[in-house]
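# A closer look at the structure
Below, each chain spelled out in residue letters.
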Amino acid sequence: MPIRLSSLFLRTLREDPSDAEVESHRLLVRAGYIRRAAPGVFTWLPLGLRVKANIERIIREEMERAGAQEVFFPALLPKEPYEATGRWEEYGDNIFRLQDRKKADYLLAPTHEEVFTLLVKDLYSSYKDLPLSIYQIQNKYRDEARPRAGLLRGREFVMKDAYSFDVTDEGLAKSYQAQRDAYERIFQRLGVDYVVVKADAGAMGGSKSEEFLSPSPIGEDTFVRSAGGFAANVEAVSFAVAPDVDGSKNPAPVIFDSPNTPTIATLVDFANQNHPGARPYTAADTLKNVVLALVSPDGKRELVVVGLPGDREVDQKRAEAFFGPHDVEAANDADFAKYPQLVKGYIGPVRAGKQFLGKDAESGIRYLLDPRVAKGSMWITGANEDQKHVFNLSYGRDFSADGVADIAEIRAGDPAPDGSGALELARGIEIGHVFQLGRKYAEALDLRVLDENGKLVTVTMGSYGIGVTRLVAVLAEANRDDAGLIWPEAVSPADVHIIAAGKDEEPFQAAEALSSKAETAGLSVLLDDRQKVSPGVKFADAELIGVPWVIICGRGVSEGQVELWNRRSGERVQVGLESAIEELLARRA
RNA sequence: CGGGAUGUAGCGCAACUUGGUAGCGCACCUGUUUUGGGUACAGGGGGUUGCAGGUUCAAAUCCUGUCAUCCCGACCA
């Protein structure tokens with residue numbers, strides 16, 4: 001049966017909802033796909049539900065093709081499994097917690113690694129049972145500090161999460177690849193633009209991880225890519241240490257009074273005015289030493305100093321990824337009070353000719369260097385005395401470091417780490433993420449099976465997610481114009497939108513007839529059979545709702561003509577009433 | 001959590017400065033009209049003005065508190 005607009009539970013809005021900032025949110029609400037129920041929580045109306053169901057259907061088909069079996073866990077779970085892996089605490093305020101009448105703790109699951117692992121442990125105990133891939137499409141809950149952008153970052157959202165279980169690393173690599181391939185097929189079928197980028201495994205632990213990002217200016221993730229094919233989330237880019245340079249002719253270090261030069265800019269000006277070198281100094285000739293506080297998960301605070309070229313800033317996200325699981329904060333006044341030797345604005349690796357920064361040096365503070373700092377390179381940097389800087393300080397000769405910290409911001413034009421060209425930066429929305437988790441969860445929950453020698457071995461796992469409801473928003477965001485949505489054929493709430501325009505009987509009869517014919521041909525139909533609604537309103541609603549093909553039964557019907565309208569291109573052609581469905585089928589992708 | 005803004009009909013807004021008991025547009029209902037681009041006209045229903053106190057003869061309006069929502073940032077498998 002067609003969906004009849006005369007009785008469909010739908011009310012389109014002529015005005016924009018005031019709380020919708022991003023276009024996808026605005027249009028999905030205006031066109032009657034979703035309604036906000038609470039911050040970051042949405043109700044799905046019939047049209048929205050159909051789009052969501054179409055996405056889910058494609059995912060199910062491809063999961064099945066990849067050999068994954070569907071299961072369904074509760075969203076409401078007891079805390080115990082999450083305590084076993086430490087995530088009950090780790091998640092902090094980000095999970096919804098609740099208690100039953102006996103005061104037992106529960107949570108609304110933010111993700112399901114634990115219970116999947118436990119279920120496999122319950123049922124399987126032999127290598128013969130593996131490999132296994134299982135998945136579900138489920139609501140997830142996260143108490144986001146700030147939900148935003150409608151469906152893009154909600155507190156309740158639908159996710160497809162799959163998990164693979166293997167005995168060997170090779171098996172895991174294969175399972176991972178199968179999911180990764182499925183993801184490519186899914187996103188291609190959905191018609192969503194995406195890039196696969198190397199990702200930071202982060203809090204999930206594990207070794208290999210890739211993200212599927214849909215490029216969008218409103219994306220929350222920043223990634224880099226090169227013409228030569230390098231692509232990574234900025235958090236996951238790591239640069240090799242710059243090769244040594246010949247420092248044998250470096251002049252000896254010399255300390256100058258440098259009054260009132262607490263910033264890089266003032267220091268560069270001072271150097272060029274008072275101690276000009278062979279060429280003008282730039283910020284890149286200075287070594288900036290940033291004091292960071294690393295806060296471990298159990299709350300312990302440790303200072304670390306990172307030296308990087310003065311023209312670079314620390315990228316907070318890269319720093320968090322690099323130092324994880326520690327949180328990274330700028331050192332505060334209390335930290336400086338504990339280390340009175342640190343002179344703000346004049347910090348450097350060396351004091352009075354002796355190594356000052358470093359675990360085993362005078363200060364006892366760990367000292368790390370940006371990978372761009374090459375052995376043999378010379379720097380202008382702080383002398384650890386108020387209003388004094390040291391020039392010609394040569395790395396390897398005059399000072400050393402405890403290691404590398406690759407946490408500097410990445411700039412457009414920086415060379416890709418694999419030598420594949422200059423990097424460009426772009427923003428994207430994370431629509432999928434694949435992880436090789438390894439044995440972290442299996443170990444924590446003791447998921448072991450007997451191998452062919454009768455020995456217990458720990459299972460290795462992968463975890464694979466797709467943001468289903470987020471995809472609705474991503475697709476809406478990417479497929480629209482000023483008048484409304486324009487769905488890709490694969491997800492549209494209907495295959496064709498048939499409009500009866502006019503007050504006479506004929507257009508309505510023609511629309512009914514075309515509707516049956518379309519359904520016989522296997523097409524789903526949205527039929528605008530509303531009486532006493534002017535054509536203008538019907539056209540405007542059709543544009544807003546965004547079914548990619550529209551057939552208008554109007555004046556021409558008496559001459560046996562209807563109009564076939566391609567919503568995306570705007571093209572409208574007259575076709576015969578009798579052949580309209582054939583014409584449509586021929587033109588559909 | 002820091003900064004900013006806003007809470008008045010289903011939605012979008014006005015009235016608040018200068019207190020006098022709530023209005024406009026859309027949507028909805030009735031009638032007439034119109035029917036290829038959100039027709040026109042007439043009539044109508046719908047509100048504890050976020051909540052709680054206070055000031056006052058009188059509070060949407062002034063004061064205090066509180067809650068909520070949105071935006072920017074922080075945070076974010």
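Rules and cut-offs
Residues numbered from 1 in each chain as written. Chains lettered and ligands numbered in written order. Predicted model: local features only at pLDDT ≥ 70, side-chain atom pairs only at ≥ 80, totals over all residues. Heavy atoms only, no water. Buried < 20%, exposed > 50% of the residue type's maximum accessible area, 1.4 Å probe, protein only. Helix = DSSP H or I, 4+ residues; strand = E, 2+ residues; numbered from the N terminus. Pairing = 2+ DSSP bridges. Right-handed = clockwise from strand over helix to strand, strands pointing away. Axes fitted to C-alpha atoms, helices over the stretch in contact; angles between N-to-C directions. Parallel < 35°, antiparallel > 145°, perpendicular 65-115°, else oblique. Contact = heavy atoms within 4.5 Å. Nonpolar A, V, L, I, M, F, W, Y, C, P; charged D, E, K, R; others polar. 1 Å grid on protein atoms, 1.4 Å probe; cavity = no way out; pocket = protein on both sides within 12 Å on 5 of 7 lines; lining within 4 Å. Points joined across faces, edges and corners; volume = space filled by probe spheres on them.

With that out of the way, let us pick up helix α11 (residues 468–478). Within α11, 10 of the 11 residues are buried, leaving the element largely enclosed by the surrounding structure. Residues V468, T469, R470, L471, V472, A473, V474, L475, A476 and E477 constitute the buried set of α11.

Turning our eyes to something else, we now look at the pairing of strand β31 (residues 525–528). Burial along β31 is two-sided: V525 and L527 facing one way and L526 and D528 facing the other are all buried. In terms of strand pairing, strand β30 (residues 496–500) meets β31 through four bridges, oriented parallel. Bridging from a neighbouring strand, I498 pairs with L527 of β31. Chirality of the crossover, the property in question, places the unit of β30, helix α12 (residues 505–520) and β31 among those that are right-handed.

Angle between the axes and distance between the axes are the two parameters that describe a pair of packed helices. At a closest axis distance of 8 Å, the pairing of helix α1 (residues 23–30) and α11 adopts a crossing angle of 100 degrees. Considered as vectors, α1 and α11 are oriented roughly perpendicular to each other. Counted together, E23, S24 and L28 of α1 and V472, A473, A476 and E477 of α11 form the full contact between these two elements. Counted by class, the contact of α1 with α11 contains four nonpolar, one polar and two charged residues.

Applying the stated criterion across every chain, the model contains one cavity of 30 Å³ or more. Its boundaries defined by the atoms lining it, the largest cavity holds a volume of some 40 Å³. As for the largest cavity, its lining consists of W549, L564, N566, E571, R572, V573 and R587. Secondary structure elements with two or more residues in the lining of the largest cavity: β33 (561–566) and β34 (572–576). Its residues assigned to classes, the lining of the largest cavity comprises three nonpolar, one polar and three charged.

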